[in-house]
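Analysis of the macromolecular model
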Amino acid sequence: DGNTGLFRLTPAQCANLKSLFLTFGGVRRVRVCRNAQIWPRALNTAIGGSPDFVCLIAGDNSTTAGSGLDVINGMTFIQHFYTVFDTTHNRVGITNAPFTRATTN
């Protein structure tokens, strides 16, 4: 979407959206269900999006895959997973939260 910088889908395309699997550090694989990949639709217009489309929480950051900045996990991701930042040991912990598999948006 040119206004938001996020990928967008029609509602029909969104109905076919599959889970996304993220691997952290080669050891922790996290399943991100369809709803956790969707920007809250009630907030589409707040970020310049159209209420007629479904905005995804992903966009193209224009970097080459594997270059070090492949994914930025923001607000919507953190709402669906407990995330702990251990700066002393330079690591991140991620686990399921009550809304990890929520089907509401």
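Before any of the text, the structure's been laid out above.
Presented here is an overview of the structure given in this document. This structure is a prediction, so every number in the text was calculated from the model and none was measured. (Residues numbered from 1 in each chain as written. Predicted model: local features only at pLDDT ≥ 70, side-chain atom pairs only at ≥ 80, totals over all residues. Heavy atoms only, no water.)

Observations regarding unusual backbone geometry
- Positive phi outside glycine occurs at Asn90, with the angle close to 55°.
- Tracing the chain through its elements places Asn90 in the loop between strand S5 (81-86) and strand S6 (91-96).
- In this structure Asn90 comes out as exposed when scored by relative accessible area, which is 72%. (Helix = DSSP H or I, 4+ residues; strand = E, 2+ residues; numbered from the N terminus. Buried < 20%, exposed > 50% of the residue type's maximum accessible area, 1.4 Å probe, protein only.)

Examining the environment of Ala58
- Relative to the elements of secondary structure, Ala58 occurs in the loop between strand S4 (54-55) and helix H2 (75-80).
- Residue Ala58 is classed as partly exposed on the basis of its relative accessible area of 35%.
- It is 9.0 Å that separates the C-alpha atoms of Ala58 and Arg8, two residues lying 50 residues apart in sequence.
- Not counting the four nearest positions on each side in its chain, Ala58 is found in contact with Leu6 and Phe7. (Contact = heavy atoms within 4.5 Å.)

Considerations on the pairing of S5
- Judged from the six bridges that link them, S5 and S6 form a sheet pairing that is antiparallel. Considered in S6, the bridge of Val84 is made with Gly93.
- Counting the residues that bridge the hairpin from S5 to S6 gives four residues, and of these Asn90 lies at a positive phi of roughly 55°. (Pairing = 2+ DSSP bridges.)

Some words on the environment of Gly74
- Relative to the helices and strands, Gly74 resides in the loop between S4 and H2.
- Taking C-alpha positions, Gly74 is 8.2 Å from Ile57, a pair spaced 17 residues apart along the chain.

Some points on the packing of aromatic side chains
- Applying the stated criterion across every chain, the model contains zero aromatic pairs.
- The ring of Phe53 is capped by Arg8, whose NZ or CZ atom sits 3.7 Å from the centre of that ring. (Phe/Tyr/Trp six-rings, centres within 6.5 Å; stacked < 30°, edge-to-face > 60°. Lys NZ or Arg CZ within 6 Å of the ring centre and 35° of its normal.)

Examining the pattern of salt bridges
- Taken as a whole and assessed by the stated rule, the structure comprises one salt bridge.
- The closest approach of N and O atoms between Arg91 and Asp86, which form a salt bridge, is 2.9 Å.
- Arg91 sits in the exposed class, given a relative accessible area of 51%. (Salt bridge = Lys/Arg side-chain N within 4 Å of Asp/Glu carboxyl O.)

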